[in-house]
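# Structure assessment
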Amino acid sequence: MSDTKPADFEKVELTAAMTELSSLKPEEGKAAMMTQVDGAAQRVLKVLASGNPDALQKGTYLTQIRFVMTVMEQCKDFRDAQFTRLVRQRAEEIMTGLENLPKRSQQLKEQQKRSAEEAKKKRAAAAQKEAAAAAPVEEEPTEPKFEYELAEKICIQTMVRHFDSKLDVLRSVHLYGRHSINDIGIPPLFLYSLEFSVLIEDAIKALIVDSRELMTRRIYNETDPTADEEQIRAVLRNKQRALLEVVESGFNGWGAAQKDAEKRARLGDKAGPKKSGAAAAAKPAKKGGLFSKLLGKEKKTAPAPRRTAQKEKEAWEEVIEIFKASEARGEIFFPKTFNFSILSYLSSMRENLFKAEAERIIQIADQAKQDSNSKGAVARALEQSFKNNDQHFFEMLILNLLYTKNSIGLDEVQGACMGQKLDEGRLPLSVPEMGRRPMTYARQINKLLKERAEPRVLQNCLDYFFEAILVLHLIKYEKDFTKAAQCLEGEKANLPKPLQGVMDGILGLIDRVIFARQQARETGEDTSRNTRDMIQHTIGKFITAYSGMYEKMKKG
């Protein structure tokens, strides 16, 4: 640690950071909160960079740093993309600083050893200098610095704002109602998550950096690298269309590369198995013959294959890994069918048309709830929308309506998808969104029971879970229902005895609902109303029993 810093440098800075975060007041507005969070984070980063690394890895100092990280994690609840992006960036920088502490500690410990050997190194350096003078070695040319870094940074910022505005259209003011599944902690589809507003920056940055040559020819070469930011922005304002074309075509190119990679993977899986050693041994080996022996052409043992260098990952593959890491943390849901070309479509989406069409369907849905004679009106409206618009527009529309408060239900979305034969090729977002629900809800039920969640939250999750089993296509999603039941069965043994009884009841109800649906399918009789009543009655009994257990567990 530097001699210019006071002995209690770490304590002063970390205590100040905790004080700043403890006094956060959302009512003072986003700007004030961002300033406080950023200031606290900068103090922690300064301590991690200059403080005593051994002291920071234990005791009070480590507890203080963890407190700062906990508050920053809670700050994600402030639903604003710019604020979330700042918190994420600073949290990652602090984590990097923490990970570097052991390295810094080791460096300080070796400092005395290095100083003791300094004289020896100087002598060796002098000898090397004399040898280099006798036989000079050509230095490898270093890669020149990219001269348009400021213009590149401005282009990235411009595109991030552009995509933020498009995503805001999808996350309309009506969101987070009955089907948003926000209140039971299940990650939403990526288009409706604020976390994706942060992740889109990673994708845009990687794409623009990956397209430097094209961007230089079309955009950067008309800017002066020595100009200030305002002058460069003035030039780039006239290049907005060219910038959009590069980004949209770039995402389409990534999408094509993604499809090619998937195709190669499928073809690799279909390749026939290699012959086993026994089968190969059964086949007699060819002999070279007399002439081969005379001419020295006998068959030689093949040399061992050379190890090929590991292929460097493409930019889109690295971005996919960032997306998947976010999904693994439970922040977001990415279907396996995700393709980057959907981002190109999102960029050029006509916002006013989308808003108007969503509002039209919402009004029809509201009228249908009040008028029993309007049954089927929503289905007809969705069918008309499909005829009037392209496939991507239609799919984003029905997903938006599913996530929109009290607009349409899972059954109406499935009805719209049935016209497309529930094909993932035609509906790469909607089909996975419906198919993931049984398994996702099952995992959440396990989690809620382990954590002794409030009865209200557990009831919500059970309602959504059985709605999915009652509504979704019986044959198309049969494997998903089976996996969900197996997931619940597998965790039953880890629960206390009383809760195992609740789990047995849930598993029994799953069997009864699926059996009732199979019977209705065979007979052609519509028994959905009776099945719904049975589900509600049985869930009510589960929750009554669970509520009593919950009160006892809370007291205990």
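For the structure, see preceding data.
Quick caveat, the model's predicted, so the values are computed rather than measured.

### Some details on the pattern of salt bridges
Taken as a whole, this structure holds 28 salt bridges when the rule is applied. One salt bridge in this structure joins arginine 43 and glutamate 20, with 2.9 Å as the shortest N-O distance. With a gap of 23 residues between them, arginine 43 in helix H2 (residues 30–50) and glutamate 20 in helix H1 (residues 9–22) connect regions that are remote in the sequence. The salt bridge partner of arginine 456 is glutamate 454, with a shortest N-O separation of 3.9 Å. The exposure class assigned to glutamate 454 is partly exposed, which follows from its relative accessible area of 41%. If you follow the salt bridges from partner to partner, you end up with Glu13, Glu20, Arg43 and Lys46 in one network.

### As for the nonpolar core
Phe190, Phe196, Phe251, Phe340, Phe465 and Phe466 are the most contacted members of the largest nonpolar core, which totals 123 residues. Sorting elements by how many residues they give to this core places helix H22 (residues 455–471) first, with 11 residues. Leave out the neighbours within four places in its chain, and phenylalanine 466 touches Ile506, Leu509, Ile510, Val513, Ile535 and Ile539. Grouped together as the second largest cluster of nonpolar side chains are 27 residues, Leu24, Val71, Phe83 and Val87 included.

### Remarks on the packing of H1 against H2
Their axes nearest at 8 Å, the elements H1 and H2 cross at an angle of 160°. Classified by the angle between their axes, H1 and H2 sit roughly antiparallel to one another. Our pair here, H1 against H2, has a crossing hand that is left-handed. Across the interface between the two elements, Phe9, Glu10, Glu13, Leu14, Ala16, Ala17, Glu20 and Leu21 from H1 touch Gln36, Val37, Gly39, Ala40, Arg43, Val44, Lys46, Val47 and Ser50 from H2. Of the residues assigned to the contact of H1 with H2, the class counts are nine nonpolar, three polar and five charged.

### Overview of the environment of asparagine 446
By the element assignment, asparagine 446 lies in helix H21 (residues 437–450). Overall, the relative accessible area of 6% leaves asparagine 446 in the buried class. Linking asparagine 446 and asparagine 494, residues 48 residues apart in sequence, is a C-alpha distance of 9.6 Å. Non-local contacts of asparagine 446, meaning those with residues more than four positions away in its chain, are made with Cys487, Leu488, Glu491 and Met503.

### Side note on the environment of methionine 95
As for its placement among the helices and strands, methionine 95 is situated in helix H5 (residues 81–116). Through-space distance from the C-alpha of methionine 95 to that of leucine 45 is 9.6 Å; in sequence the pair is 50 residues apart.

Calculation rules
- Residues numbered from 1 in each chain as written.
- Predicted model: local features only at pLDDT ≥ 70, side-chain atom pairs only at ≥ 80, totals over all residues.
- Heavy atoms only, no water.
- Salt bridge = Lys/Arg side-chain N within 4 Å of Asp/Glu carboxyl O.
- Helix = DSSP H or I, 4+ residues; strand = E, 2+ residues; numbered from the N terminus.
- Buried < 20%, exposed > 50% of the residue type's maximum accessible area, 1.4 Å probe, protein only.
- Core = buried A, V, L, I, M, F, W, Y, C linked by side-chain atoms within 4.5 Å.
- Contact = heavy atoms within 4.5 Å.
- Axes fitted to C-alpha atoms, helices over the stretch in contact; angles between N-to-C directions.
- Parallel < 35°, antiparallel > 145°, perpendicular 65-115°, else oblique.
- Left-handed = near helix turned anticlockwise from the far one by under 90°.
- Nonpolar A, V, L, I, M, F, W, Y, C, P; charged D, E, K, R; others polar.

Just distances and angles here, no functional claims.
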